[in-house]
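One-letter residues, chain by chain:
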Amino acid sequence: MEIAEQTSQGKPVWIEPDLDFIRALRKRGGESFKQCFQCGTCSATCGLSPDTEAFPRKEMAWAAWGMKERLVTNPDIWLCHQCNDCSLRCPRGARPGDVLAAVRQMSVAHYSVPRFLGRWVSQPKFIPVLLGIPALLLGLAILAREPMEAVLGISHYTSDIVYSYSPWFPHWLLNSFFGFFSLIAFLAMSAGVARYWRILKTTGIGNGAGPPAKALGPAVVSALKSIFGHDRFTQCTTATARSFSHVFVFFGFIALTVVTLWVITGRYNPLIQTDFVYPFGFWSPWKILANLGGTAALFGCVWMVWERLERREKAGISTYFDFAFVLTLGLVVFTGFVTEGMHYLRLVPHRHVAYFIHLVFVFALLIYLPYSKFAHIFYRTTAMVFAEYSGRKMGDPVLNRGERE
Amino acid sequence: MKANKIVVAVMVLIILSPIAFSAASRLLTESPKPFLERPDAKYENCIRDTEYMRFHHMDYLKEVREEYVRYGIRDQEGLNSCKECHASRERFCNRCHNTVDLNVDCFGCHYYPETAPATSN
């Protein structure tokens, strides 16, 4: 980098603070970072920060100077799980944990393709548009069902089946509609991740001049191990509830994803009893798993919201970005359960309305994945893989050493 | 860290167990086939094709009921006609309904023998 070159040559450096970035960061919850006087308590107390080029101290300096490029090309912002040990111990109340959360939010918007969606998803005034798009597309799909069936030559009996959803939204339409838009979201996400990875490889911390510490394959495996085990996340001491509630949401949604994939492939899957794919009985192992997963995910979401509302000091500042994501997740599961309940109670047309609302939220969750906080799945994984790849190790917290021994 | 590994192992086991259940039940039990009986040669076919009857028989029965009760159309094949060929509730209706864990309330009012001697197939 230019600045690094100049400093290494001992030349004076002229830094132009990016005032727009500083203002934007302030708006996203990093209000207090100008209080920082660079004592380094945050980096010393952090249980996740590496011994060299420790975070979040350097990020605090960069934030104060509005050095956006350094912040968003930095893997360390995603190695932080916002335990808030730093915010708790900061003598100036600069709340480094919240600053890094705000930087992560800016980073998601920075890498989003197309850019404008990244902007829309982070502002409450766009909620009607963001929910209107899925509702409109789903409505169009329902209206276009008959003409499409005529063109594609799909025939099924369209009379009023007693207790099923398929006259409105047959499985072929449901699977192709959601499959198509998930693919688009996935491609947009891949574009963002590819940009981030390229930048990490050229300018990232820990990259250095040497060869990678690990090959890419083993780096991915150990990063995934750490993600599934919540190894780093459970190191948190101040905001322990964050990691526990995350475990519920994480495994709950994995269970729901597995059931969904199983059901989508059901007709072609030799392991399913092919004559009776749908409906699953209430005591079918798949139904049990789906209900368990949904319960776990909903419980985790409610816990997260409760933590954010009731324990603000420990949970950190909550922005629209945080609530939009956790509430969408919760509403996906909640509307799913409402639909299920109304289905069992045989309430018509209530269950159809509930199902439609459920699909709107599922669609919103999927299609806005690259722009919402949901994108943390991919960006954090990328950064953690890069940390393994470049050999950036988790350090031993200096301030906690005494307590542990 | 050991506790984390145990949690992951338990979760993965729970999440993957339905696959094992499905595979096992596929290997151990057969999925029920409709038990077809044709006691009288005059019944060549069912009133609708197999595919329709498999997925929409309940729909058909509801339509017939509505037409019978509301509009007085009485010369249609209803639930009573089913047992001309499918004599036994146990052999015919329950096989599939049990598999998909479905409780129907048809037989609270309508007479349909639980078991009946098997006729020619």
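Per chain, residue numbering runs from 1 following the sequence as it is written. All chains are assigned letters beginning with A, and all ligands numbers beginning with 1, in the order in which they are written. Residue-level local features of this predicted model are given only where pLDDT is at least 70; pairs of side-chain atoms are given and counted only at 80 or more, and the full residue set underlies all totals for whole chains, interfaces and linings. Hydrogens and waters are ignored; side-chain quantities use all the structure's heavy atoms.

A. Expanded view of helix α2 (residues 19-27) of chain A. Residues and elements named next belong to chain A. Each residue is assigned to one of three classes by its accessible area relative to the maximum for its type, calculated with a 1.4 Å probe on protein chains only: buried under 20%, partly exposed between the two thresholds, exposed over 50%. Only DSSP runs of H or I reaching four residues or more are called helices, and only runs of E reaching two or more are called strands; each is numbered from the N terminus. Here α2 has its buried residues at F21, I22, A24 and L25. Projected down its long axis, α2 carries its buried residues within an arc of 165°, all on one side. More than 90 degrees from the buried face of α2, the exposed residues found are D20, R23 and K27. Residues of α2 that are buried in the fold lie against α4 (57-64), α5 (68-72) and α8 (96-111). Side-chain atoms alone can form a polar contact between residues adjacent in sequence; in general such a contact is a pair of N or O atoms within 3.5 Å, and within protein one must be able to donate a hydrogen while the other accepts it. Between a side-chain oxygen at the N-terminus of α2 and the backbone nitrogen of D20 the separation is 3.3 Å; the capping residue is D18. Backbone geometry just after α2 places G29 at a positive phi near 105°. It is the directions from the helix axis to the C-beta atoms whose arc is reported. Contacts are assigned to residue pairs that have any heavy atoms within 4.5 Å of one another.

B. Spotlight on the packing of aromatic side chains. Residues and elements named next belong to chain A. Here a Phe, Tyr or Trp ring, Trp counted by its six-membered ring, pairs with any other such ring whose centre lies within 6.5 Å, and the pair is stacked when the planes are under 30 degrees apart, edge-to-face when over 60, and tilted otherwise. Inspection of the entire model under this criterion finds 27 aromatic pairs over all chains. Pairing Y111 with Y379 gives two aromatic rings, centres 6.0 Å apart and planes at 40°, and the pair type is tilted. In this pair, Y111 sits in helix α8 while Y379 sits in helix α19 (residues 376-389), placing the two residues 268 residues apart along the sequence. Exposure remark for Y379: the relative accessible area of 1% places this residue in the buried category. Centre to centre, the rings of F180 and F181 are 5.1 Å apart; their planes meet at 75°, and the pair counts as edge-to-face. On the basis of relative accessible area, F180 is assigned to the partly exposed category, the value being 49%. Assessed through its relative accessible area of 16%, F181 is described here as buried. One aromatic cluster is present, built from ring pairs that chain together F169, F177, F178, F180, F181 and F363. Here R92 stacks its cationic end above the ring of F37, 5.2 Å away from the centre of that ring. We call a charge positioned over a ring when the NZ of a Lys or the CZ of an Arg lies within 6 Å of the ring centre and within 35 degrees of the ring normal.

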